[in-house]
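What follows is each chain in one-letter form.
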Amino acid sequence: MIPTRARHTRVLTVLALLVVAGVSSVLAGCSRSEGPAVTTTRRIHHEERRLYTSEVQTSPSPPPAGQPVTLYLTVRDDSGRAGPELMPSHERPMHLLIISTDLRHFAHVHPAADGDRFRFEHTFEEGGEYFLVVDYQQPGRGQIVDRHRVHVEGAVHVTAGPLQESPRQQRAGGLELTLRSEGELRAGEGATLRFDAADAETGLPVADLEPYLGAKAHFMVLSADGEDFVHVHALDDAGGASKVSAHAVFPRPGLYKLWAQLQRRGVVVTIPFVLRIGPARAASISAPDSSGGHSQHQHH
Ligand SMILES: [Cu+2]
């Protein structure tokens, strides 16, 4: 039930944690259509073509909103065999982000191994289009990010307006996070995002953040058009219990949604921001690759 149709595909690489983590950017066609509920997209990774691929199936299919849906994720090696061994990353073999294409709904979950595939039960809050971003590590190759798209049947409760830049201070789950950036964030440049975490009630810096999946914080970043995904982990040397920072490169100018995830008192808190990234400085524009994308491909 999963015809794979590689459409326009681009690969981007961003700096994370001083290590270059591979990030694939896949442009799925926007055409809503009859046919399968899940569109599987494949990456083409420059010269490296022997990469694992992933597929998504849902039960039921198409998936309905408002009731549990089982997601099955199958990773295949380059010979097509399902279930190759994956390198755990941040304590999990697979990370899955479920994000509505209007970027309002976000879930970061960890499917469990089930034979030669992974499974996860999820309830989509409402109907519409969702990205399923699958993040895993191929032994010897590093991080692979596949983006799939799924259509969920059911009513759409809110029609979102266009994404807008958010205030630099956001609150959720009893935490208040303030982004302190030096100067303008620009496309193509490494930027250190520095956040101060405070108790939302008292306003005092928090001293009791707990590691979440092996990092002080996780940051998931998706461009407004869903093309560019960045998964960044907090830098260790943020300088203080209430400070978290991360290094990221935003490939293109425009708006990006960032979900910061921190753990406190055993609870994971997700705090969203919308950042505006300015145009690249003239001197730092790198030559675009043949696909017109912004390719900055290096290995650590
Ligand atoms: Cu994860």
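As a reminder, the structure under discussion sits directly above these lines.
A few points on the structure. (Residues numbered from 1 in each chain as written. Predicted model: local features only at pLDDT ≥ 70, side-chain atom pairs only at ≥ 80, totals over all residues.)

Some points on the sheet that holds strand S12 (residues 169-172)
Backbone hydrogen bonds are what pair the strands of a sheet, in a parallel or an antiparallel way. Judged by pairing direction, the sheet is antiparallel, and its four strands sit side by side in the order S12-S13-S14-S18 without closing on themselves. Looking at which strands have only one partner, the edges of the open sheet turn out to be S12 and strand S18 (243-249). Across the sheet, the mean angle from the axis of one strand to that of its neighbour is 25 degrees, orientation sign disregarded. When S12 meets strand S13 (residues 175-180), the two strands line up antiparallel, connected through four bridges. Paired with Gln169 across the bridge in S13 is Thr178. (Pairing = 2+ DSSP bridges. Helix = DSSP H or I, 4+ residues; strand = E, 2+ residues; numbered from the N terminus. Axes fitted to C-alpha atoms, helices over the stretch in contact; angles between N-to-C directions.)

Quick look at the sheet that holds strand S8 (residues 112-114)
Pairing is antiparallel across the open sheet formed by four strands, whose spatial order is S4-S5-S9-S8. With partners counted over all chains shown, the strands left at the sheet margins are strand S4 (53-59) and S8, one partner each. Pairwise comparison of adjacent strand axes, ignoring direction, gives a mean angle of 35 degrees for this sheet.

Here's the deal with the environment of Leu71
For Leu71, the location among the structural elements is in strand S5 (residues 68-76). With 23 C-beta atoms packed within 10 Å, Leu71 lands in the buried category. With 61 residues separating them along the chain, Leu71 and Leu132 place their C-alpha atoms 10.0 Å apart. (Buried ≥ 20, exposed ≤ 12 C-beta atoms within 10 Å, placed from the backbone.)

Section: unusual backbone geometry
With an omega of 0 degrees, the peptide bond between Ser59 and Pro60 qualifies as cis. The omega torsion across Ser61 and Pro62 is 0 degrees, close enough to zero to call that bond cis. Looking at where Pro62 falls in the secondary structure, it is placed in the loop between S4 and S5. Residue His90 is not a glycine yet carries a positive backbone phi of 50 degrees. One can find His90 in the loop between S5 and strand S6 (94-100). Residue class for His90 comes out partly exposed when judged on the 16 C-beta atoms lying within 10 Å of it. Of note, Leu213 is a non-glycine position whose phi angle comes to about 50 degrees, a positive value. Within the element layout of this structure, Leu213 appears in the loop between strand S15 (209-210) and strand S16 (218-223).

Some points on the environment of Gly154
Counting through the fold element by element, Gly154 comes out in the loop between strand S11 (142-152) and S12. A residue is classified by how many C-beta atoms lie within 10 Å of it, and Gly154, with 16 of them, is partly exposed. It is 6.2 Å that separates the C-alpha atoms of Gly154 and Glu126, two residues lying 28 residues apart in sequence. Contacts of Gly154, omitting those with residues within four sequence positions, involve Pro64, Ala65, Gly66, Glu126 and Gly127. (Contact = placed C-beta atoms within 7 Å.)

A few points about the pairing of S11
Burial runs high along S11: nine of the 11 residues are buried. Relative to S11, strand S10 (residues 128-138) is paired through 11 bridges, and the arrangement is antiparallel. Counterpart to Phe131 in the pairing with S11 is Arg149. The antiparallel hairpin formed by S10 and S11 contains three residues in its connecting segment, where Gly140 sits at a positive phi of about 80 degrees.

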